[in-house]
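So you can see what is in the structure, the chains are spelled out below.
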Amino acid sequence: MRPQLVSLLLAFAASGAYGAALEVDLTSSSSIKSAAQLVSHNLMTYYVGNQSGNTPGILPGPPPAGPYYWWEAGAMWGTLVDYWHYTGDTTYNQLATDSLLFQANQPQDNYMPPNWTASLGNDDQGFWGMSAMLAAEVNFPNPPADQPQWLALAQGVFNTQATRWDLTSCNGGLHWQIPSTNGGYDYKNTIANGIFFNLGARLARYTGNSTYARWAEQSWNWTSGVGYIDDRWNVYDGGHQEHNCTDTNPAQWSANAAVILQGSAFMYSYTNGSDIWKTRLDGLLNRTIEVFFPDGIMVEVSCELKDRMQCNTDQHSFKGYMHRWLATITQVAPHTHDTIATVLKTSTKGAVSSCTDDGTCGFRWNTGSYDGDTANGPAGQEMSVLGALSSLLITFEPVQPPLTNFTGGTSQGNPNAGGDPNVIPAPAPLTSADRGGAGVLTALVLVATLVALAWMSGTWSEHGH
Ligand SMILES: *[C@@H]1O[C@H](CO)[C@@H](O)[C@H](O)[C@H]1NC(C)=O
Ligand SMILES: *[C@@H]1O[C@H](CO)[C@@H](O)[C@H](O)[C@H]1NC(C)=O
Ligand SMILES: *[C@@H]1O[C@H](CO)[C@@H](O)[C@H](O)[C@H]1NC(C)=O
Ligand SMILES: *[C@@H]1O[C@H](CO)[C@@H](O)[C@H](O)[C@H]1NC(C)=O
Ligand SMILES: *[C@@H]1O[C@H](CO)[C@@H](O)[C@H](O)[C@H]1NC(C)=O
Ligand SMILES: *[C@@H]1O[C@H](CO)[C@@H](O)[C@H](O)[C@H]1NC(C)=O
Ligand SMILES: *[C@@H]1O[C@H](CO)[C@@H](O)[C@H](O)[C@H]1NC(C)=O
Ligand SMILES: *[C@@H]1O[C@H](CO)[C@@H](O)[C@H](O)[C@H]1NC(C)=O
């Protein structure tokens, strides 16, 4: 008995600094739901936007006012939409609805509220758009009829981004930043183009409208054409227009891989299982698991180093997107189910081992205990473990796959959402030298904004530099 007692005491001493470990039985859906409820509650202690005097919809920030940039709350509401979808717990539905509507920038319905446009990236806007798209796909309770509807909000984001497709450099693509005067405008990166691709694929599947699919295909063609997706299915971060987008930043971020992987699964579904999208989906899935799930547990490999932590606040939220989007892939591309379920189980086991029994969770999932890492978050850490726990429920009772307008989705669209065309910046003239790579959609393409706005840099994706 003695050696055992000693190790028990040591274990207690080790965990004692932060309290006991969170106990979850990952073979029991009710145990997973209880743990998810605890973590959701812990997450929402960081949300104060509903208190008087604060701005609805956002997490405290942006720096220096608080740690979080505007986009992260958009991603958080998507996490809570999924939480409701998987568990049925409606506790945060009203907050999520109020927030997704408050930040929508009505009546343009494009997630470009004036408070944030000066520092806005296509990725920032896109994260809110993807949460609205998710709300449509899972029949999250529709907003009142006099408010913008989920599908229309996703269309509003997509439409504004389509007008920004820029053939004046690198043969196309979206810039990272929206205002041309922002630092990072010259960076044409994977997350901006990947979200546009992802939304296009999902809008195509939801509405059946092939225009969205053509845009998605064009975005895929461009992103892979410039080499941000290579022939071994690695997904890199981006490049600069002054280098014709050939100076590829080789950092691999899970959010880039996940957004393109999920978009590919929706294209696979939209095309009724085409060979070309199956090849892309399976190749990306295989490589994603190899890169981001060493030993079956997710690691944000570009910044979560063995001997030190370099991940910023944004990056502390990425693991949840990967887990949630992998879970959705099993529904729209069922042949991936067993591969994905296996890795979600092992990785969620790691995720849970990073938490204490009050639902406080860490960022390192492969050490077996809470890491005390509160410097960069902690809402991202909570969102990630909440996403992992909720989406693991796909391995239990059947979960309704993402709906479409033909299979019971009730969200109303507005193909013209996004705003009065007059608010979309006038196109710059194309020079003949730039026209080379124009795709089938040239006629629809407008070009970059010349709006003069102050230099501000508000997002994460170039931080690998
Ligand atoms: C804000 O939302 C939280 C749930 O996260 C709730 O506990 C709190 O009572 C709400 N506060 C107000 C002022 O409505
Ligand atoms: C914009 O900022 C003002 C001032 O802080 C605030 O009252 C308002 O609610 C904000 N609107 C949005 C959409 O964030
Ligand atoms: C969805 O289908 C309904 C009729 O079944 C139709 O009225 C509506 O326009 C469709 N919406 C979209 C976005 O295609
Ligand atoms: C994408 O590239 C393929 C292969 O080159 C081509 O057949 C297709 O037309 C392109 N699609 C678009 C929308 O540009
Ligand atoms: C820029 O790269 C594209 C391929 O992405 C290529 O077609 C084009 O010729 C290049 N332009 C210059 C000026 O090198
Ligand atoms: C998928 O199959 C359906 C039913 O046969 C058909 O209506 C639809 O056009 C197909 N979609 C594509 C993109 O081929
Ligand atoms: C990926 O594919 C390679 C080659 O087929 C295979 O050896 C490897 O096991 C696969 N990895 C995963 C994670 O499925
Ligand atoms: C498909 O979407 C495009 C872009 O919003 C729109 O212009 C077109 O009218 C839509 N087509 C149909 C058949 O609804």
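Our structure's up above, just so we're on the same page.
Residues numbered from 1 in each chain as written. Chains lettered and ligands numbered in written order. Predicted model: local features only at pLDDT ≥ 70, side-chain atom pairs only at ≥ 80, totals over all residues. Heavy atoms only, no water.

Draft legend 1. View of the side chain of threonine 97. Its location among the elements puts threonine 97 in helix 4 (residues 93-102). With relative accessibility at 10%, the residue threonine 97 sits in the buried group. Each residue touching threonine 97, except ones within four places of it in the same chain, is listed here: Phe140 and Trp150. (Helix = DSSP H or I, 4+ residues; strand = E, 2+ residues; numbered from the N terminus. Buried < 20%, exposed > 50% of the residue type's maximum accessible area, 1.4 Å probe, protein only. Contact = heavy atoms within 4.5 Å.)

Draft legend 2. A look at the packing of aromatic side chains. Under the definition given, this model contains 25 aromatic pairs. For the pair tyrosine 47 and tryptophan 77, a centre-to-centre distance of 4.9 Å together with 85° between the ring planes defines the contact as edge-to-face. Taken together, the residues tyrosine 47 in the loop between helix 2 (29-44) and helix 3 (70-87) and tryptophan 77 in helix 3 connect sequence positions 30 residues apart. Each of the two residues, tyrosine 47 as well as tryptophan 77, counts as buried. Here the aromatic rings of tryptophan 70 and tryptophan 128 are separated by 5.0 Å at their centres, their planes lie at 25°, and the arrangement is stacked. Taken as a pair, tryptophan 70 in helix 3 and tryptophan 128 in helix 6 (residues 122-137) lie far apart in primary sequence, 58 residues in all. The same class applies to tryptophan 70 and to tryptophan 128, which are both buried. (Phe/Tyr/Trp six-rings, centres within 6.5 Å; stacked < 30°, edge-to-face > 60°.)

Draft legend 3. Structural context of the site of ligand 1. As a matter of local geometry, ligand 1 sits amid Met44, Asn50, Tyr92 and Leu95. Isolated, ligand 1 exposes 360 Å² of accessible area, and the fraction of that covered by the protein chains is 42%. Partitioning the shell around ligand 1 into residue classes produces three nonpolar, one polar and no charged. (Near = heavy atom within 4 Å. Areas by Shrake-Rupley, 256 points an atom, 1.4 Å probe, with all protein chains shown as cover. Nonpolar A, V, L, I, M, F, W, Y, C, P; charged D, E, K, R; others polar.)

Draft legend 4. Highlighting the state of the cysteines. Following the criterion strictly, the structure yields three disulfides and no others. Here cysteine 170 pairs with cysteine 245 through a disulfide, and the sulfurs are 2.2 Å apart. Torsion about the S-S bond of the cysteine 170 and cysteine 245 cystine: about 80°, corresponding to right-handed handedness. Taken together, the positions of cysteine 170 in the loop between helix 7 (150-162) and strand 1 (187-189) and cysteine 245 in the loop between strand 2 (238-240) and helix 10 (254-270) put the pair 75 residues apart, joining distant regions of the chain. Each of the two residues, cysteine 170 as well as cysteine 245, counts as buried. The connectivity of the disulfide-linked cysteines in the protein chain, indexed sequentially, is 1-2, 3-4, 5-6. (Disulfide = S-S within 2.5 Å.)

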